[in-house]
2 protein chains.
Amino acid sequence: MSEQEPVEGAYLAHALAERTSSLSASEVRALFAVASRPEVVSLAGGMPFISALPMDSIANGVRDLIATQGTTALQYSSGQGSPSLRERILEVMALEGIRDATAEDLVVTTGSQHALELLSKLLIDPGDAVIVEGPSYVTALVVFKSFQAQIHHCAMDEHGLDPARLRSLLESLRASNKRPKFLYTIPNFNNPAGVTLALERRSEILKIATEHELLVIEDNPYGLLYFSSPPPNALRSVDPNVIYLGTFSKTFAPGLRVGWALAPKSVREKLILANEAAVLSPSAFNQAIVDWYLRHEDWHAQVDKYRTLYRERKQALISALATSLPNCNWTDPDGGFYVWLTLPEGLNSRELLPDAVKAGVAYTPGTAFFADGQGEREIRLSFCLPNPTEIAEGVRRLANVVTEKLRANAC
Amino acid sequence: MSEQEPVEGAYLAHALAERTSSLSASEVRALFAVASRPEVVSLAGGMPFISALPMDSIANGVRDLIATQGTTALQYSSGQGSPSLRERILEVMALEGIRDATAEDLVVTTGSQHALELLSKLLIDPGDAVIVEGPSYVTALVVFKSFQAQIHHCAMDEHGLDPARLRSLLESLRASNKRPKFLYTIPNFNNPAGVTLALERRSEILKIATEHELLVIEDNPYGLLYFSSPPPNALRSVDPNVIYLGTFSKTFAPGLRVGWALAPKSVREKLILANEAAVLSPSAFNQAIVDWYLRHEDWHAQVDKYRTLYRERKQALISALATSLPNCNWTDPDGGFYVWLTLPEGLNSRELLPDAVKAGVAYTPGTAFFADGQGEREIRLSFCLPNPTEIAEGVRRLANVVTEKLRANAC
C-alpha cells in the first residue's frame, strides 16, 4: 500500500454486505509472502510441476491457433462453454467411469474453483448447513463461508469419508431441524488428507445421500494422477444426481483457468445463467487451447509422465518423513499432491510455522482445512512442486524445528 | 438436451437458493439462436470487430511468450493480478485523466463483468436499493438482481444522467428510509443509450454522491473509442472514492477475459479476497498476453484504427436510419458501440422482434435494459460487428418491418 493512499469516505466500509464479514486475510498470508523466497523449500502450495509440459510444442500450437482461428478464439463466446471442448471433456470423464453424460450436460467454468463459487451462489441461503469432509479443501471452505453457510465436518479415516459418521451427522442435523444443502467431497487423493474413498463406501455414501435427499458435489481434480492403480470410478458414474467437478489445472495448466461442472438439468440450467452473469463467457481462447491440446498432444502420455514424477516425489517425502520424523504419523497417498501429517502431542502446527519458515521450510497448518478450529496438530505437506532433493531437505529442516520444539517443551 | 436425460431427484430443484429466482433465461434467447444464422444481419450483439487485430503478430508474440515464460504464465498466480500488467493499466487509465492511482490500488478480474459480480457480492445485501441509469447495461442488471438488489432507474437525456433527477430519486429513497448501496453508471457512450455524461454534470453528480455518501461505480469500457473528441475525464480522476472498472475486451480482445477494478482500500482488500475465493487467480496466461500486447504492439494505433472503423459504421447506421426510418428518433453517439432508437408510438420493440428476425435483422429490445418494464418502444442497435453495407441492409429490413406494422396498426 502506498503511503499517499487517499483518505476514503467512511461510508465505504459501511457499504459492505453482511456476507463479507467472513472474508478476511488468513493469518498465515504474511508468512507465505516470506516463504516465497527462493531459499525456502515450500511444501505449502498446490502448484503443479508444469515445467514438465512440452512448452515448445504448445507454443507452436497456440501460434497456429491464433493465426487460423483467432477471430473466434479471441471473441466472446457462450456461457455454457465451447461445444467442441465439451465433447473432449466427455472422453476425459469416461476414464473415470462416467459414460452416460452428453456435452449438453456440461458447463465450462473459469477453473473448477469458479464452479464451486457459482454452485455456492446457486445453492446456499444464509445459515444453510453444508457437509464437508474433515479436513477439506481450504478455498471450498472460504467460498461456502462467503455465502454464509454453516459448515459441518464429517470425519474421514484411511478409507475416506466414514458412512456411519455421515449417517449420524445427518440424523443429528435432522434432529435439530437442519436440512443440509449438500455434501462436498473430494473422494480421490483428498486435499489435504491424501486418502481415497474406498469402493465399498462409495455405494454406501450414495445410498445415504439418496435416502436423505442430500445433493452430492464430487470434486475430482486428482483422480487421473494415481501412482499404483486407478481409484474407483467416480461417484457420478453411479448416480446422475451427483454434481461432478473436473479441471485441467492439474493435468494440463492452471494458468488457463479451465474447469467444468457436470450437473443435473435443474442445477445446470441455472449454472449456465449464473456463469453468464459472472463472466459473460469463460475465456474462449483458453478453451480453444485446451481443446487443441487434447486433440493434438499426447496428453495421456503427459499424464503418465506426471504420475511417474509425482510418485517419485511422494516417495521422497515419505522416505524423508520415515527417516527424520519417526515420532509423527502421516498418510501415504496413492495419488494427488498431498500428505497429511500429525505432529506429536503437545505441538501446534500454526505456532510452529514461523520457526519453520525461519528454518527454511513452509507448509500449511491443519487448521486451514477446518471451519471449526480442528487440525491444530496437523500439517499439509505438498510434494508436487519441489524436486526429491528439495523435499528431503525441507523435511530435514522441519524435523529440526519439531525436535527443537519438543526439547523446549520437555524443559 | 438429450432425450435420454435421466430422471432427477426432485430434491435438486428444491435445493436452489432464494437468490436464483431472478436467474431465468430471457425470452429473446431462443430468438437470438435463430438470429445467429449467417443470413441474418445482427445489430443485436456487442462483439467487437477483432478481425481488425494484427493476428499474425499476436500469434508470434504469444508463441514466444509460452516458449520463454510458459512455466510462469501457465501457472497459478495471485488474486490481485500480475504486478507488471497492473503497471501497464495505470498508463491506460492515465489517458482518461486518472493519474493518482498506484498498481497496488488495482485488482485484475476475469473481464470487467467479473468485477461487477464480485462487487455485487461484496456490497449487496438482499433487498438493498441500487441506482442505475435508465436504460442501463443488461448484464449489470442481471448481476444486481441475482444478489437480490432492488433496482431504481434514474433517467438520462442527451447529456447523460440528470443530476436533478438523481437528487430527487435519492431524496425519495431517503424519505422511505432506503439508503442505496451504490450508483452504477456508464458515463461514456452509454450501453445502450449511446449518450455521454457532460463535463459540467460530472462534478455535480460527484457532489451529490458525496453529500449522500453514495458509492459510485463507474464502468468505462468504451471511453477510448471516441469518434470526434475524447469524452471528459473519468469520474474517478476527480474523486478517489469512485470505484472504476476498465476492460481490454473492447480495445483488445474479449476472448481473453481481462478487465480490472480500481477501488478504495476498504473495498479493494475484500475484492482481492473475493477474487481468490471465486477463481483463485485470474488467468496468468491471459494477463501475460495483455501485458505483452501493451508493451510490444502499437496498441494506440490499434485503438485509432478501431475509432475510424466504428465511426464509419456508426455513420452508416445513422445515414441508413435517416433514409429508412425518418419516423423514429435515435441517439447519435460520439463513440462506443450503440445507438438507442425510439419507435413510433403504438409499436412494441419486443413484439416486433420475431418479424424482424424473419425479415433477416436482429436487435435487442429496449425492455432488456430496464428492470421495471420500461423500454417497450426502444431498441438498441449495435454497429460494432457488421460492416457498413450489412448495416444499411439491416436497417432497410428493419424499416420494412416497422412500416408493415404501422400499416397493419392503421387498418
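Residues numbered from 1 in each chain as written. Chains lettered and ligands numbered in written order. Predicted model: local features only at pLDDT ≥ 70, side-chain atom pairs only at ≥ 80, totals over all residues. Heavy atoms only, no water.

## Topic: the overall build of chain A
Quick reminder of the rule: Helix and strand labels come from DSSP, where a helix needs a run of H or I of at least four residues and a strand needs a run of E of at least two; each type is numbered from the N terminus. Contacts between residues were defined by any pair of non-hydrogen atoms, one from each residue, lying within 4.5 Å. Calculation of accessible area relied on Shrake-Rupley with a 1.4 Å probe; when residues are assessed, cover is drawn exclusively from the protein chains displayed. Only four residue types enter the charge count: Lys and Arg as positive, Asp and Glu as negative, with His and the chain ends excluded. Charge coordinates come from a single atom per side chain, which is NZ of Lys, CZ of Arg, CG of Asp or CD of Glu.
Within chain A one finds 13 helices and 14 strands. In chain A, the share of contacts with a sequence separation of at least 24, taken over all contacts with a separation of at least 6, comes to 76%. Looking at chain A as shown, the accessible area adds up to about 14,800 Å², and 50% of this sits on carbon and sulfur atoms. One finds the centroid of the 38 positive side-chain charges in chain A at a distance of 0 Å from the centroid of its 47 negative side-chain charges.

## Looking at the sheet that holds strand S14 (residues 378–382) of chain B
Paired through their backbone hydrogen bonds, the strands of a sheet run either parallel or antiparallel. Residues and elements named next belong to chain B. Selection rule: One requirement defines pairing of two strands: DSSP has to find at least two bridges between them. Axis definition: a line fit to C-alpha positions, over the contact stretch in the case of helices; interaxial angles, taken between N-to-C directions, run 0 to 180 degrees.
Strand order in the open sheet formed by four strands is S10-S11-S14-S13, with antiparallel pairing between adjacent strands. One side of each edge strand has no neighbouring strand; the edge strands of this open sheet are strand S10 (329–330) and strand S13 (364–365). Summarising the sheet, S10 and strand S11 (residues 338–342) pair through two bridges and their orientation is antiparallel. Opposite Trp-330, over in S11, you have Leu-341 as the bridge partner. Docked against the sheet, helix H11 (residues 299–324) engages S10, S11 and S14, running at close to 15 degrees with respect to S11.

## A short note on the relation of the copies chain B and chain A
The line we're drawing: We superpose the copies by least squares over the C-alpha atoms of residues that have a pLDDT of at least 70 in both of them.
For the match of chain B to chain A, the screw axis carries a shift of 0.0 Å, the RMSD comes to 0.0 Å, and the turn is 180 degrees. Interpreted geometrically, this transformation is the action of a two-fold axis. Scanning chain B for the C-alpha nearest the rotation axis identifies B:Arg63, at a separation of 2.6 Å. Here 99% of the contact residues of chain B are again contact residues in chain A; the copies associate through an equivalent surface.

## Some words on the nonpolar core
Soluble globular proteins tend to pack their nonpolar side chains together in the buried interior. The condition that has to hold: Note on terminology: a nonpolar core comprises buried Ala, Val, Leu, Ile, Met, Phe, Trp, Tyr and Cys residues joined through side-chain atoms within 4.5 Å. Buried residues are those whose accessible area, probed at 1.4 Å on protein chains only, stays under 20% of the maximum for their type, while exposed residues exceed 50% and partly exposed ones sit between those limits.
Counting 166 residues, the largest nonpolar core has A:Phe285 and B:Phe285 as its most contacted members. Beyond its immediate stretch of four places on either side in the chain, B:Phe285 contacts A:Gly255, A:Leu256, A:Phe285, A:Asn286, A:Ile289, B:Val62, B:Leu65, B:Ile66, B:Ala73 and B:Leu74.

## A short note on the sheet that holds strand S14 (residues 378–382) of chain A
The strand order across the open sheet built from four strands is S10-S11-S14-S13 (chain A), with neighbouring strands paired in antiparallel fashion. Whereas interior strands pair on both sides, the edge strands pair on one side only; in this sheet they are strand S10 (329–330) and strand S13 (364–365) of chain A.

## What about the pattern of salt bridges?
Short version of the rule: In what follows, salt bridge is the name for a side-chain nitrogen of Lys or Arg lying within 4 Å of a carboxyl oxygen of Asp or Glu.
Per the stated rule, a full pass over the model turns up 41 salt bridges over all chains. Across the pair B:Glu117 and A:Lys121 runs a salt bridge whose closest N-O atoms are separated by 3.2 Å. Linking B:Glu117 in helix H5 (residues 111–123) with A:Lys121 in helix H5 (residues 111–123), this pair reaches from one chain into another. With respect to burial, B:Glu117 and A:Lys121 carry one shared label: buried. Of the charged contacts, one joins A:Glu404 and A:Arg407 as a salt bridge, the two residues approaching to 3.6 Å between their closest N and O atoms. One end of the pair is A:Glu404 and the other is A:Arg407, both in helix H13 (residues 388–410) and three residues apart, which spans about a single turn. You can call A:Glu404 partly exposed: its relative accessible area is 48%. We classify A:Arg407 as partly exposed; its relative accessible area is 49%. When salt bridges with common partners are traced through the structure, they connect A:Arg88, A:Glu91, A:Asp291 and A:Arg295 into a single cluster.

## Observations concerning the packing of aromatic side chains
As a reminder, the rule being used: Stacked, tilted and edge-to-face are the three classes applied to pairs of Phe, Tyr and Trp rings, where Trp contributes its six-membered ring and a pair requires centres within 6.5 Å; stacked means planes under 30 degrees apart, edge-to-face means over 60, and tilted covers the rest.
Overall, the coordinates contain 25 aromatic pairs over all chains when judged by the stated rule. An angle of 50 degrees between the planes, with centres 5.0 Å apart, marks the rings of A:Phe248 and A:Trp260 as tilted. You can see A:Phe248 sitting in the loop between strand S8 (243–247) and strand S9 (259–262) and its partner A:Trp260 sitting in strand S9, a full 12 residues away along the chain. Residue classification places A:Phe248 among the buried positions, given a relative accessible area of 3%. Plain terms: the ring middles of B:Trp340 and B:Phe370 are 6.5 Å apart, the flat faces sit at 45 degrees to each other, and that makes the pair tilted.

## Quick notes on the packing of helix H12 (residues 349–358) of chain A against H13(A)
Residues and elements named next belong to chain A. Put simply, the rule reads: Roughly parallel means an angle under 35 degrees; roughly antiparallel means over 145; roughly perpendicular covers 65 to 115; every other angle is labelled oblique. Left-handed describes a crossing whose near helix is turned anticlockwise from the far helix by less than a right angle; the clockwise case is right-handed. Charged means Asp, Glu, Lys or Arg here, nonpolar means Ala, Val, Leu, Ile, Met, Phe, Trp, Tyr, Cys or Pro, and polar covers whatever is left, Gly included.
Taken N-terminus to C-terminus, the directions of H12 and H13 make an angle of 125 degrees; their axes are 9 Å apart at the nearest point. One element, H12, and the other, H13, form an angle in the oblique class. Crossing angle aside, the handedness with which H12 passes H13 is right-handed. Contacts between H12 and H13 involve Leu-352, Asp-355 and Ala-356 from the former and Val-401, Val-402 and Lys-405 from the latter. For the contact of H12 with H13, a count of residues per class yields four nonpolar, no polar and two charged.

## Notes on helix H9 (residues 265–279) of chain B
An α-helical turn contains 3.6 residues, so a residue and the one three or four places further along point in the same direction. Residues and elements named next belong to chain B. Test applied: How far a helix is expected to stretch is found by multiplying one less than its residue total by 1.5 Å.
Helix length check: H9, at 15 residues, gives a terminal C-alpha distance of 21 Å against a target of 21 Å (1.5 Å per residue), a fit within 8%. Most of H9 is tucked away, with 12 of its 15 residues classed as buried. Every buried residue of H9 is listed here: Ser-266, Val-267, Arg-268, Lys-270, Leu-271, Ile-272, Leu-273, Ala-274, Asn-275, Ala-277, Ala-278 and Val-279. Of the residues flanking the end of H9, it is Leu-280, one or two places downstream, whose phi is positive at about 65 degrees.

## Some thoughts on the packing of helix H3 (residues 55–73) of chain B against helix H10 (residues 284–296) of chain B
All names here are of chain B. H10 packs onto H3 with a crossing angle of 130 degrees between their chain directions and a minimal axis gap of 10 Å. Relative to H10, the element H3 is oriented oblique. Where H3 crosses over H10, the two elements pack in a sense that is right-handed. Along the contact surface, H3 presents Ser-57, Ile-58, Gly-61, Val-62, Leu-65, Ile-66, Thr-72 and Ala-73, while H10 presents Ala-284, Phe-285, Ala-288, Ile-289, Trp-292 and Tyr-293. Tallied by class, residues from the contact of H3 with H10 come to 11 nonpolar, three polar and no charged.

## Considering the side chain of B:Arg313
Residues and elements named next belong to chain B. Considering the arrangement of structural elements, one finds Arg-313 in helix H11. Glu-312 is the oppositely charged side chain nearest to the buried, salt-bridge-free Arg-313, at an N-O distance of 6.1 Å. Excluding residues within four positions of it along the chain, Arg-313 makes contact with Phe-49, Phe-383, Cys-384, Leu-385, Pro-386, Asn-387, Pro-388 and Ile-391.

## What to know about the interface of chain B and chain A
Interfaces are often sized by the accessible area lost when the parts come together. So the rule is basically this: Simply put, the buried area is the total loss of 1.4 Å probe accessible area from both parts when two parts are fitted together.
The partner chain A presents 95 residues to the 96 residues of chain B that form the contact. Taking both partners together, chain B and chain A bury about 8,000 Å²; carbon and sulfur atoms supply 61% of that area. It is B:Tyr11, B:Tyr76 and B:Lys121 in chain B that bury the most area against chain A; as a group they hold 10% of the surface buried on that side. In this assembly, chain B and chain A are joined by two salt bridges.

## What to know about the pairing of S14(A)
Residue and element names in this part refer to chain A. Buried residues dominate S14, accounting for five of its five residues. Every second residue of S14 is oriented toward a common face, with Glu-378, Arg-380 and Ser-382 on one face and Ile-379 and Leu-381 on the other, all of them buried. Examined bridge by bridge, S13 and S14 share two bridges and lie antiparallel to one another. Note on S14: the bridge partner recorded for Thr-364 is Arg-380.

## Some remarks on the environment of B:Asp291
All names here are of chain B. Residue placement: Asp-291 occurs in helix H10. Put simply, Asp-291 and Ser-77 are 214 residues apart on the chain and 15 Å apart in space, counted from C-alpha to C-alpha. Not counting residues within four places of it along the chain, the set of residues in contact with Asp-291 comprises Ser-84, Leu-85 and Arg-88.

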